[in-house]
Each structure stands twice: as structure tokens, then as C-alpha cells.
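# Geometric and topological summary
For reference, the chains in residue letters:
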Amino acid sequence: MPVYQLNKKEITFPHPTSAREDGLLAVGGDLCADRLLLAYTHGIFPWYEPGEEILWWCPKERFVIIPQEVHISRSMRKYMKKHELSIACNRDFADTMHRCRLKREFAEGTWITDEMEAAYLRLHEAGYAASVEVFEDGALAGGLYGVCIGSCFFGESMFSEKENGSKTALIALCELLTQQGFLMVDCQFYTEHLESMGGKYITWQEYDRMLEEGTGRSR
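As a starting point, this report considers the structure included with it. (Residues numbered from 1 in each chain as written. Predicted model: local features only at pLDDT ≥ 70, side-chain atom pairs only at ≥ 80, totals over all residues. Heavy atoms only, no water.)

## Topic: the overall build of the chain
Applied cut-off: Note on conventions: DSSP H or I runs of at least 4 residues are helices, E runs of at least 2 residues are strands, and numbering of each starts at the N terminus. The quantity called the radius of gyration is restricted to C-alpha atoms. Its globule counterpart is 2.2 Å times the number of residues to the power 0.38. A 1.4 Å probe rolled over the protein chains alone gives each residue an accessible area, and that area as a share of the maximum for its type sets the label: buried under 20%, exposed over 50%, partly exposed in between.
Helix and strand content of the chain: seven helices and 11 strands. At 17 Å, the chain has a C-alpha radius of gyration in line with the 17 Å of a compact globule built from 219 residues. Taken along the three principal axes of its C-alpha coordinates, the chain extends 55 × 35 × 30 Å. Relative to its full complement of 219 residues, the chain shows a buried share of 50%.

This is the structure we're talking about:
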């Protein structure tokens, strides 16, 4: 199946269900705020290697965490009782995103390029991207960032400076989202780590209904 080539002068996407079996939907375009917001409200997100054209993905099966269903293991509960933990929201979005980039570059390579950092900082400044940071006994332990539209949170990346840092940040995020009536955390892709914390696959139909309800998007 051919992949749709986006035009930088036109902010549009093909229908999400026309994505290939591996989830690839389109190539090209740019990372302007309007295009990113249109993408996320339709379940589409950019993910590409440095030096490549922008690749836009929309997997037909979605992996999500329902905030109130986040799983906290017995060992995590012990850890959280043992340490003095504090949570910050948007402490320093740019720093949190950059730490996610550095951790991934060191371990396995990253899709978080200079272009991505600048684009998501613009989204944050416009009120559509947020970060959560956790401190353990006064020291930064970990954090995460993502896109926030209506009552849907689209997780992008996490980092840990201490053991359990990213797990604690995800638990804190889900607790905050539960209080605010959010419908889901979109994890984008499956990982064993996210599954252990309550992540599960849902159908495209169920996911699209959540998007429509949560973002206020029309069909």
C-alpha cells in the first residue's frame, strides 16, 4: 500500500484507517502546532529517525492506560512509603523533554531531535503539552512528558534519574488525570513495562470513540 505524501502548505491527513498494517500512515509535512494538534486528535503521531523525512503513524490497535486503572505493584507501594516523594507539573518542560532524549540516546537511540524538541516546546507554550516530574527525598528522580488535549493525554517519553523514577512519575500522572476526569493515557506502542503498569490493547473503534469524546473532535 503506498504511503501518503503530505504537503507542507496544506494541513491535512488521509483517513487514519488507511494506515498500513504496521501503522505507517503518511510521510512529510512539518511539525507546526496546527498539524500536530490535528494529528493527535485523530490518533496520529510523528515518529522517525534523525535525518529521515517525518513519518506519521496510526496503529490500528491502540495500547492505552485508563488512568484510574494504573497498576501499582507491591514493591512500588513499599518504595513509595519508604521515601519522601514530591510531584511537580511543568517544572521545566524543556528540561524534562531533553532528559528523555539524553537517556534514550545513551541507551538505544532516539527520535527526539532538535526539531521535535522545538515543536513540542511550542505546543507546551500554547497549553497543549505538559510534563510531570517526581522528586525522591528532594532530588529529581524522574519524569515524563506528553500532549494534552481535552481529557486525553498522549504519552511521549519518560526518563529516570533514580530507580523507579519514571514509574513514580507515571503513577503520579494517572492520579492527577483521574482527579480531572481524563479518559486515557495513549501509550502509542506496547512495552512490557507499560503493560506491567496497567497498559492494555483496545480496538480502533473503542479508541476513536474515546478520542471523539475526550478531545471534542467532530467526525
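Anyway, onward from the coordinates.
## Re the packing of helix H1 (residues 33-41) against helix H4 (residues 114-125)
For any two helices packed against each other, one specifies the inter-axial angle together with the distance between the axes. Threshold: Axis definition: a line fitted to C-alpha atoms, over the contacting stretch in the case of helices. Angles run 0 to 180 degrees between N-to-C directions. Throughout, the term roughly parallel applies to angles under 35 degrees, roughly antiparallel to angles over 145, roughly perpendicular to angles from 65 to 115, and oblique to all others. Any pair of residues with heavy atoms lying within 4.5 Å of one another is described as a contacting pair. When residues are sorted by character, Ala, Val, Leu, Ile, Met, Phe, Trp, Tyr, Cys and Pro go into the nonpolar class, Asp, Glu, Lys and Arg into the charged class, and all the rest, Gly among them, into the polar class.
Viewed as axis vectors pointing N to C, H1 and H4 meet at an angle of 80°, and their least axial separation amounts to 10 Å. Of the possible angle classes, the one that applies to H1 and H4 is roughly perpendicular. Facing H1, whose interface residues are Ala 33, Leu 36, Leu 37 and Tyr 40, H4 presents Ala 119, Tyr 120 and Leu 123. When the residues that make up the contact of H1 with H4 are grouped by side-chain class, the tally is seven nonpolar, no polar and no charged.

## Comments concerning the packing of helix H2 (residues 74-82) against helix H5 (residues 165-179)
At a closest axis distance of 11 Å, the pairing of H2 and H5 adopts a crossing angle of 90°. As summarised for this structure, H2 and H5 are arranged roughly perpendicular, according to the angle between their axes. Residues Met 76, Tyr 79 and Met 80 of H2 lie in contact with H5, whose contacting residues are Lys 167, Thr 168 and Ile 171. For the contact of H2 with H5, the residue count by class is four nonpolar, one polar and one charged.

## Focus on the nonpolar core
Heads up, the condition is: As used here, the term nonpolar core means buried Ala, Val, Leu, Ile, Met, Phe, Trp, Tyr and Cys residues forming a set that is joined through side-chain atoms within 4.5 Å.
If you look at the biggest cluster of nonpolar residues, it comprises 47 residues, and the most contacted ones within it are Leu 31, Leu 36, Tyr 40, Trp 56, Tyr 120, Phe 154 and Tyr 207. The contacts of Phe 154, once residues within four sequence positions are left out, are Tyr 40, Gly 146, Val 147, Ile 149, Asp 186, Tyr 207, Leu 211 and Thr 215. By size, the runner-up hydrophobic cluster in this structure holds 23 residues, among which are Tyr 79, Val 132, Ala 169 and Met 197.

This is a description of form; function is not addressed.
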